[in-house]
Amino acid sequence: MSISSTIKSIQDIMRKDVGVDGDAQRLSQLVWMLFLKIFDDRETEWELIQDDYQSPLPEKYRWRNWAANAEGITGDELKQFLDNDLFPALQTLEAKGGDQRAYVIRSVFEDAYNYMKSGQLIRQVINKIQEGIDFNKAQERHLFGDMYEQLLRDLQAAGNAGEFYTPRAVTEFMVQMTNPRLGEKVMDPACGTGGFLSCSIEHIRSQNVKTVDDEAQLQSSIFGIEKKPLPHLLCTTNMILHGIDVPSNIRHDNTLSRPLISWTPKERVDVIVTNPPFGGMEEDGIETNFPSAFRTRETADLFVVLIMQLLKANGRAALVLPDGFLFGEGIKTRIKEKLLEECNLHTIVRLPNGVFAPYTGIKTNLLFFSKGSPTKDIWFYEHPYPEGVKSYNKTKPMRIAEFATEKAWWGSEQDGYATRVESSQAWKVSIDDIKARNYNLDCKNPHVGEQQVHDPEQLLAQYAVMQTEISGLRNQLKDILTKAFQGEE
């Protein structure tokens with residue numbers, strides 16, 4: 001049975017359980033089980049490599065000792081073991097000799113929950129996982145990574161917690177353009193399920209990792225913070241799937257809850273790639289962690305201020321922000337003024353509608369900037385729909401290939417993007433013009449009138465309008481001529 005079929009079978013079993021309500025709970029239930037199975041598979045690997053390997057888990061709580069045997073405990077005994085023994089033990093797990101793995105396990109289980117009520121159905125799910133998933137088979141590991149992404153997409157499509165998932169094409173493009181390299185600290189301060197971080201890991205590994213020491217350096221340079229328990233659990237599992245053996249740098253916390261000035265120079269990072277939550281409001285009091293000029297409860301605005309603080313000199317950032325940030329006034333104006341004074345906001349990619357559907361229909365933008373020198377010019381690039389596509393959906397998602405024209409156009413920050421040229425999609429606005437607009441960054445495409453339309457339905461609609469106008473003019477001319485002839489008579 002394929003991994004895809006295994007996951008589908010597991011979800012079908014869970015639907016029979018009265019305790020599991022909806023996709024979010026199903027995913028949460030599935031992921032803590034998968035985490036323990038994947039961790040056990042990795043432990044088998046570590047035992048082969050390390051002669052003196054010691055598990056951070058007491059023997060009775062290791063997957064192999066309570067779950068792996070298909071004829072093992074079931075029914076009420078299994079249910080009682082999970083609720084009254086396993087969960088309390090893992091939620092208070094102490095590290096032996098400072099083993100960071102214990103802290104990772106504890107953080108994963110701090111907010112995890114066993115929703116299932118039937119011990120028999122729990123046993124069926126466990127057996128399916130044991131039969132169908134072997135993380136130590138390289139091919140299955142790759143397939144499971146793809147399957148994991150599909151689970152996140154399914155959760156988004158169901159309309160639950162859509163902030164967990166940024167389309168893969170967007171994350172890949174943002175990571176490729178910021179180009180994190182080995183030796184640089186990479187952070188996502190609102191990491192969700194870890195899409196940007198896993199993308200960064202793949203990017204650095206493919207470009208720079210050649211030795212065991214390189215891999216160790218990479219593993220210690222990936223940082224993420226996530227406020228909500230379910231995406232934190234998903235992210236930690238995602239990091240293990242992407243070869244981060246001890247993802248202790250993935251913290252369950254609210255990044256905004258710390259006073260801005262408490263972030264020390266030692267904590268600063270080279271690269272930030274993120275899609276901060278937007279449209280939401282932080283709880284009362286969070287804004288007092290920020291200077292009075294930038295106090296707001298709008299989550300995305302606070303993250304922009306925080307990112308400027310977290311970047312090292314010459315550090316690079318790419319983030320997703322809604323149109324409202326571009327044209328917003330008041331505190332938003334002050335934040336944009338600070339951004340353009342302290343950072344070089346060199347590029348804004350304007351995305352079309354529907355990129356984040358069905359979670360939100362709000363128009364979004366990708367902002368790219370580096371810290372340390374003020375902005376002189378901002379390049380805008382309007383990302384078009386591919387030919388024949390009017391909107392994105394589950395069957396027609398955005399694809400990374402669509403960004404080929406942006407990549408070819410991009411150029412290098414080292415020469416100030418000297419190779420960039422204006423086109424029907426690209427235009428440049430000077431800082432003087434931005435200041436004259438009172439920092440309104442909602443700059444429309446000046447070439448929009450020059451763009452040729454090839455969509456048949458749009459052309460037919462334009463033709464119909466023209467025909468109506470022609471008909472109206474004909475009638476006006478007829479009236480004028482009729483009156484003229486009547487006047488002659």
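Residues numbered from 1 in each chain as written. Predicted model: local features only at pLDDT ≥ 70, side-chain atom pairs only at ≥ 80, totals over all residues. Heavy atoms only, no water.

1. What about the overall build of the chain?
When you go through the chain residue by residue, the secondary structure sums to 17 helices and nine strands. Among the 489 residues that make up the chain, the fraction classed as buried is 50%. Excluding contacts between residues fewer than 6 apart, the proportion of contacts in the chain whose partners are at least 24 apart in sequence is 75%. If you sum the accessible surface of the chain, you get close to 22,900 Å²; carbon and sulfur atoms cover 51% of it. (Helix = DSSP H or I, 4+ residues; strand = E, 2+ residues; numbered from the N terminus. Buried < 20%, exposed > 50% of the residue type's maximum accessible area, 1.4 Å probe, protein only. Contact = heavy atoms within 4.5 Å. Areas by Shrake-Rupley, 256 points an atom, 1.4 Å probe, with all protein chains shown as cover.)

2. Some details on the pairing of strand β4 (residues 269-274)
Most of β4 is tucked away: six of the six residues are buried. Bridge count between strand β1 (residues 186-188) and β4: two bridges; the pairing is parallel. When the bridges of β4 are listed, Met187 appears paired with Ile272. For β4 and strand β5 (residues 311-322), the ladder comprises five bridges, and the chain directions are parallel. Looking at the pairing, Val269 lines up with Leu311 of β5. (Pairing = 2+ DSSP bridges.)

3. Brief notes about the pattern of salt bridges
Two side chains of opposite charge can pair, provided their charged atoms sit close to one another. The final tally for this structure, using the stated rule, is 25 salt bridges. A salt bridge links Glu47 to Arg62; the shortest N-O distance between them is 2.8 Å. Here the residue Glu47 occupies a position in helix α2 (residues 22-49), and Arg62 occupies one in the loop between α2 and α3 (63-66), the gap between them amounting to 15 residues. Given the relative accessible area of 31%, Glu47 is considered partly exposed. Between Glu59 and Arg62 there is a salt bridge, and its shortest N-O distance comes to 3.0 Å. On the basis of relative accessible area, Arg62 is assigned to the buried category, the value being 5%. Three or more residues joined by partner-sharing salt bridges are found here, namely Asp40, Glu43, Glu47, Glu59, Arg62 and Arg64. (Salt bridge = Lys/Arg side-chain N within 4 Å of Asp/Glu carboxyl O.)

4. Points about the nonpolar core
Nonpolar side chains in soluble globular proteins generally cluster together in the buried interior. The biggest cluster of nonpolar side chains holds 83 residues, and the ones touching the most others in it are Leu345, Leu366, Phe368, Phe369 and Ile434. A total of nine residues in this core trace back to one element, the largest contributor, which is helix α12 (residues 299-310). Setting aside residues no more than four positions away along its own chain, Phe368 makes contact with Phe173, Met174, Met177, Thr178, Ala317, Ala318, Asn344, Leu345, His346, Thr347, Val349 and Trp410. (Core = buried A, V, L, I, M, F, W, Y, C linked by side-chain atoms within 4.5 Å.)

5. A few points about unusual backbone geometry
Trans is the common state for peptide bonds, and a negative phi is the common state for residues other than glycine. For Asn438, which is not glycine, the phi torsion reads 60° and is therefore positive. Mapped onto the elements, Asn438 comes out in the loop between α16 (431-436) and α17 (456-488). Within the chain, Tyr439 stands out as a residue other than glycine whose phi angle is a positive 65°. Here Tyr439 shows up in the loop between α16 and α17.

6. Remarks on helix α6 (residues 119-132)
The end-to-end C-alpha distance of α6, which contains 14 residues, comes to 20 Å, matching closely the 20 Å that a straight helix rising 1.5 Å per residue would cover. For α6, the complete set of buried residues consists of Gly119, Leu121, Ile122, Arg123, Val125, Ile126, Asn127, Ile129 and Gly132. (Expected span 1.5 Å × (residues − 1).)

7. A few points about a nonpolar patch on the surface
A cluster of nonpolar residues, Leu477, Leu481 and Phe485, forms a patch on the protein surface that exposes about 310 Å² of accessible area. Tracing the chain through its elements places Leu477 in helix α17. (Patch = residues over 30% accessible without salt bridge, like charges linked within 9 Å, V, L, I, M, F, W, Y side chains within 5 Å.)

8. Details of the environment of Leu260
Secondary-structure assignment places Leu260 in the loop between β3 (250-252) and β4. Taking the C-alpha atoms as reference points, Leu260 and Leu302, 42 residues apart in sequence, are found 9.9 Å from one another. Beyond its immediate chain neighbours, meaning those up to four positions away, Leu260 contacts Asn289, Phe290, Pro291, Val305, Leu306 and Gln309.

9. Some details on the sheet that holds strand β6 (residues 343-350)
Across the sheet, nine strands lie side by side as β3-β2-β1-β4-β5-β7-β6-β8-β9; this open sheet has mixed pairing. Two strands bound the open sheet, and with one partner strand each, they are β3 and β9 (426-430). Each strand of the sheet is rotated relative to its neighbour by a mean of 15°, with strand direction disregarded. The strands touched by α12 are β1, β4, β5, β6 and β7 (364-371); relative to β5, the strand with the most contacts, the crossing angle is about 165°. (Axes fitted to C-alpha atoms, helices over the stretch in contact; angles between N-to-C directions.)

10. Notes on the pairing of β5
Counting buried residues along β5, nine of its twelve residues qualify, which places the element largely inside the surrounding structure. Where β5 meets β7, seven bridges bridge the pair, whose relative direction is antiparallel. When the bridges of β7 are listed, Ala317 appears paired with Phe369.

11. Here's the deal with the confidence of the model for the chain
Per-residue confidence for the chain averages 85 on the pLDDT scale, and 87% of its residues sit at or above 70. Taking the mean pLDDT of every element in the chain, the minimum, 62, falls on helix α7 (residues 138-157) and the maximum, 97, on β4. For the stretch residues 158-162, pLDDT sits under 50, and the model shows six contacts to residues farther than four places along the chain or on other chains. (pLDDT = per-residue confidence, 0-100.)

12. Considerations on the side chain of Glu226
With respect to the secondary-structure elements, Glu226 resides in strand β2 (residues 222-226). Buried within the structure, Glu226 lacks any salt-bridge partner; its nearest side chain of opposite charge belongs to Lys228, at an N-O separation of 6.3 Å. Polar contacts involving the side chain of Glu226 include one to the main-chain amide nitrogen of Gly192, which spans 2.8 Å. The residues contacting Glu226, other than those within four sequence positions of it, are Ala190, Cys191, Gly192, Pro231, His232, Arg251, His252 and Asp253. (Lys, Arg positive; Asp, Glu negative; His and termini not counted. Polar contact = N/O pair within 3.5 Å; in protein donor to acceptor, adjacent residues only side chain to side chain.)

13. Quick word on the side chain of Arg316
Its place among the elements puts Arg316 in strand β5. Those residues in contact with Arg316 that lie beyond four places of it in its chain are Thr178, Asn179, Pro180, Arg181, Glu184, Asp270, Val271, Ile272, Leu311, Phe369 and Ser370.

14. Here's the deal with the packing of helix α4 (residues 75-91) against helix α5 (residues 100-109)
The contact between α4 and α5 brings their axes to 7 Å, and the two run at 120°. Our classification of the angle between α4 and α5 gives oblique. The segment α4 lies against α5, with Phe87, Leu90 and Gln91 engaging Ile105, Arg106 and Phe109. Among the residues making up the contact of α4 with α5, the classes are represented as four nonpolar, one polar and one charged. (Parallel < 35°, antiparallel > 145°, perpendicular 65-115°, else oblique. Nonpolar A, V, L, I, M, F, W, Y, C, P; charged D, E, K, R; others polar.)

15. Examining the environment of Lys407
Mapped onto the secondary structure, Lys407 falls in helix α15 (residues 404-410). Judged by relative accessible area, Lys407 falls into the partly exposed class, the value being 33%. Beyond its immediate chain neighbours, meaning those up to four positions away, Lys407 contacts Phe173, Gln176, Met177 and Ile400. Separated by 2.7 Å, the side chains of Lys407 and Gln176 make a polar contact.

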